[in-house]
Amino acid sequence: MAGQQNKQQDVNQLLKVRREKLKELQENGKDPFQVTKYDVTHHSIEIKENFEQLENQEASIAGRMMFKRVMGKASFCNIQDLQGNIQAYVARDDIGEDNYKDFKKYDVGDIIGIRGFVFKTKTGEISIHAKEVTLLSKSLQILPEKYHGLTDTDIRYRQRYVDLIMNADVKDAFIKRSKVISSIRRFLEKEDFIEVETPMLVSNAGGAAARPFETHFNALNEDLKLRISLELYLKRLIVGGMERVFEIGRVFRNEGLDTRHNPEFTLMELYQAYTDYHGMMDLTENLYRYVAKEVNGSLIVTYGEHTIDFSKPFERITMVDAVKKYAGVDFMEIETTEEAKKLADEHHVEYEDRHKKGDILSLFFEQFAEEHLIQPTFVMDHPVEISPLTKKKPDNPDYVERFEFFLNGWEMANAYSELNDPIDQRARFEEQEKAFAAGDAEANHTDEDFLNALSIGMPPTGGIGFGIDRMVMIMTGSLAIRDVLLFPTMKSIDK
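Bear in mind the structure is a predicted one, so any value in this text is a computation, not a measurement.

**Student:** Let's hear about the sheet that holds strand E14 (residues 315-318): which residues, and what values?
**Tutor:** Strands in a sheet are paired, the pairing made by backbone hydrogen bonds, and the direction either parallel or antiparallel. Ordered by their spatial adjacency, eight strands build an open sheet running E6-E10-E11-E20-E19-E18-E15-E14, and the pairing between neighbours is mixed. Because the sheet does not close on itself, it has two edges, and the strands there are strand E6 (194-195) and E14. As paired elements, strand E19 (residues 410-417) and strand E20 (residues 461-467) share five bridges and run antiparallel to each other. Opposite Ala-415, over in E20, you have Ile-464 as the bridge partner. Strands in contact with helix H10 (residues 277-296) are strand E11 (264-273), E14, strand E15 (377-380), strand E18 (402-407), E19 and E20; relative to E18, the strand with the most contacts, it is inclined by about 20°. The strands touched by helix H16 (residues 468-476) are E11, E18, E19 and E20; relative to E19, the strand with the most contacts, the crossing angle is about 135°.

The following block contains the structure:
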């Protein structure tokens, strides 16, 4: 305990010294916070990769000072910028005696600009020989110790700004996340899709099985919900004649937190007129290959202990066949809900009284099959009970034209041949209302305006929703969803 108190006293003293340094600078008319701009001509990696062209050429860099070693009349420091880091050589005779005195007082964590020429030291390290050093921002806090870094995951997520400074792989992951999203946009633009935006605040949060967050809109004195899906508004646009639309946006689901779930996450949904769920499978294969090649330069991705191969045709299997393969149970031989419940009891599959045969098939799939689907796999033809917005299979109306896309044992996407029959859709909504009344808090509610849109007429349409965060996890090798969310949801510290 005494050791902790002494350590805190030492930290407090160091923080006090930094503020005193700032005060001295301000009193001498050198307030760094009065600097409004700095002309950066190059970044660190750019200089290193183009050394032969830049040697002895003038360059200006700016970034955070992560290391400083003062050796009398000359010093070395290390500057970290967006791309990486580079060494700078700072000598009294080059920048002037007064400026060198100031530089010697700068702290690790300060943001500085350095103008000088590019050279290579005697040890062969590409560096900047400073002719001018400018303090651009004074750091009044202390960064974690360099060699131990920032390893406390709770602090890393709460103080992502420090995490990005101290852990280069973290910054790289988020740069790669941006590349994933931009490559998705490029792919869809080449396929003639139009990007749109739809409401986040809605009166009826439909399109998925999830509990919504609720709020109150004072101006209209109405209760509203945060959207759980993008589906119903995008389908309205298909009705309106926008044949290929997509949206990448935040959705909100009032559910738990774990390594693959965050209550707000990024979803991409797209809808294409005049195609079906087979068309969505083809699009998914092509999209994943395009993104993997663009972001990682390869169709082979390593995730944990698994090597995922996007180059081969993705497996396609029905949910019934997957359960038959991995659980040894053939639901095509089961005719009634009572039979299904008996089988569930025998296989220790938990279910609720309200569940029907199709629900229990889905529970069998989740318990016995999902974990085995490591390579890209389309699981097709779901039971109608769990698919209220999907077209039934013409040859077997107990099942629908739907697939879920699996990777690494995770659901990565959900797609349908979209239901465009307004009479059938109303009946499905009625069944959902009954389910809600029976205790299913995630059931959909009837959306009269959406039914009106379908009544006007929606063409045959294929639609799909992709979880962007899980896709980024796969492409970056990140083990938890929080590692690909810049600011994940955290419990308040004072709670």
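**Student:** So, the packing of aromatic side chains: which residues are in play, and what are the values?
**Tutor:** Per the counting criterion, the structure on display carries 18 aromatic pairs. Ring geometry for Phe-103 and Tyr-106: centres 5.8 Å apart, planes at 75°, overall edge-to-face. Pair check on accessibility: Phe-103 and Tyr-106 agree, each one buried. Linked through ring pairs, Tyr-288, Phe-310, Phe-314, Phe-378, Phe-403, Phe-405 and Phe-466 together constitute an aromatic cluster. Taking NZ or CZ as reference, Lys-68 lies 5.6 Å from the ring centre of Phe-103, over its face. Above the face of the Tyr-233 ring, Arg-236 is positioned so that its terminal group lies 4.6 Å from the ring centre.

**Student:** Tell me about helix H13 (residues 357-368), residues and numbers included.
**Tutor:** Its 12 residues place the ends of H13 16 Å apart at the C-alpha level, agreeing with the 16 Å of an ideal helix rising 1.5 Å per residue. Most of H13 sits out of view: nine of its 12 residues are buried. Looking at H13, one finds that the buried residues are Lys-357, Gly-358, Asp-359, Ile-360, Leu-361, Ser-362, Leu-363, Phe-364 and Phe-365. Where the residues of H13 are buried, they touch helix H11 (319-327), helix H12 (337-346), E15, strand E17 (396-400) and E18.

**Student:** An account of the pairing of strand E10 (residues 244-252) is needed here, citing residue identities and associated values.
**Tutor:** Along any regular strand the residues' side chains alternate between the sheet's two faces. Across the nine residues of E10, seven count as buried, placing the element largely inside the fold. One ladder, built from two bridges, connects E6 with E10; its direction is parallel. By the bridge assignment for E10, Glu-195 is matched with Phe-246. Strand direction decides the pairing type here: E10 and E11, joined by nine bridges, are antiparallel. Directly across from Arg-250, in E11, lies its bridge partner Thr-266.

**Student:** Give me the pattern of salt bridges: which residues, what numbers.
**Tutor:** Scanning all chains against the criterion turns up 36 salt bridges. Of the charged contacts in the structure, one is a salt bridge between Glu-195 and Arg-185, with a shortest N-O distance of 2.8 Å. Of this pair, Glu-195 sits in strand E6 while Arg-185 sits in helix H8 (residues 168-190), and the two are 10 residues apart along the sequence. Owing to a relative accessible area of 36%, Glu-195 belongs among the partly exposed residues under this scheme. In this structure, Arg-289 engages Glu-285 in a salt bridge whose closest nitrogen and oxygen atoms are separated by 2.7 Å. Taken as a pair, Arg-289 and Glu-285 lie in helix H10 at a separation of four residues, close to a single helical turn. By the burial criterion, Arg-289 is buried, and Glu-285 matches it. One continuous salt-bridge network, built from bridges that share partners, spans Arg-18, Lys-21, Asp-107, Asp-110 and Lys-138.

**Student:** Run through helix H14 (residues 422-437), naming residues and quoting values.
**Tutor:** Over its 16 residues, H14 extends 22 Å from the first C-alpha to the last, a length consistent with the 22 Å expected when each residue adds 1.5 Å. Restricting attention to buried positions, one finds in H14 the residues Asp-424, Gln-425, Arg-428, Phe-429, Gln-432 and Ala-435. For H14, the angular spread of the buried residues around the axis is 140°, confining them to a single face. Opposite the buried face of H14, by more than 90 degrees, sit the exposed residues Ile-423, Lys-434 and Ala-437. Contacts from the buried residues of H14 go to strand E16 (392-393) and helix H15 (448-456). Of the residues flanking the start of H14, the one acting as N-cap is Asp-421, its side-chain oxygen 2.9 Å from the backbone nitrogen of Ile-423.

**Student:** Explain the environment of Thr-151 residue by residue, including any values.
**Tutor:** Following the sequence through the fold, Thr-151 ends up in the loop between strand E5 (126-137) and helix H6 (153-158). As for Thr-151 and Ile-238, which are separated by 87 residues in sequence, their C-alpha atoms are 48 Å apart.

**Student:** Quick one: what's the story with the side chain of Lys-171, residue by residue and with numbers?
**Tutor:** Among the secondary structure elements, Lys-171 is positioned in helix H8. With no salt bridge to any partner, buried Lys-171 finds its closest opposite charge in Asp-81, at an N-O distance of 6.1 Å. One polar contact links the side chain of Lys-171 to the main-chain carbonyl oxygen of Leu-82, over a distance of 3.4 Å. If we skip the residues at most four places from it in the chain, Lys-171 touches Gln-80, Asp-81, Leu-82 and Leu-164.

**Student:** Before we move on, can you summarise the nonpolar core with the specific residues and values?
**Tutor:** Ile-184, Met-268, Leu-270, Tyr-288, Phe-310 and Phe-403 are the most contacted members of the largest nonpolar core, which totals 45 residues. At 10 residues, the largest contribution of residues to this core is made by H10. Apart from the residues lying within four places of it in its own chain, the contact partners of Phe-310 are Tyr-288, Arg-289, Ala-292, Leu-299, Val-301, Pro-376, Leu-407, Ile-474 and Met-475. Within the second largest apolar cluster, 24 residues are counted, among which are Ala-59, Ile-112, Ile-126 and Leu-135.

**Student:** Tell me about the sheet that holds strand E8 (residues 214-217), residues and numbers included.
**Tutor:** Taken in spatial order, the three strands line up as E7-E9-E8 in an open sheet, and their pairing is antiparallel. Of all the strands in the sheet, just strand E7 (201-202) and E8 have a single pairing partner and so form its edges. In this structure, E8 lies alongside strand E9 (residues 222-226), joined through four bridges in antiparallel fashion. Residue pairing in the sheet places Thr-215 in a bridge with Leu-224 of E9.

The rules behind these values
Residues numbered from 1 in each chain as written. Predicted model: local features only at pLDDT ≥ 70, side-chain atom pairs only at ≥ 80, totals over all residues. Heavy atoms only, no water. Pairing = 2+ DSSP bridges. Helix = DSSP H or I, 4+ residues; strand = E, 2+ residues; numbered from the N terminus. Contact = heavy atoms within 4.5 Å. Axes fitted to C-alpha atoms, helices over the stretch in contact; angles between N-to-C directions. Phe/Tyr/Trp six-rings, centres within 6.5 Å; stacked < 30°, edge-to-face > 60°. Buried < 20%, exposed > 50% of the residue type's maximum accessible area, 1.4 Å probe, protein only. Lys NZ or Arg CZ within 6 Å of the ring centre and 35° of its normal. Expected span 1.5 Å × (residues − 1). Salt bridge = Lys/Arg side-chain N within 4 Å of Asp/Glu carboxyl O. Arc of directions from axis to C-beta. Polar contact = N/O pair within 3.5 Å; in protein donor to acceptor, adjacent residues only side chain to side chain. Lys, Arg positive; Asp, Glu negative; His and termini not counted. Core = buried A, V, L, I, M, F, W, Y, C linked by side-chain atoms within 4.5 Å.

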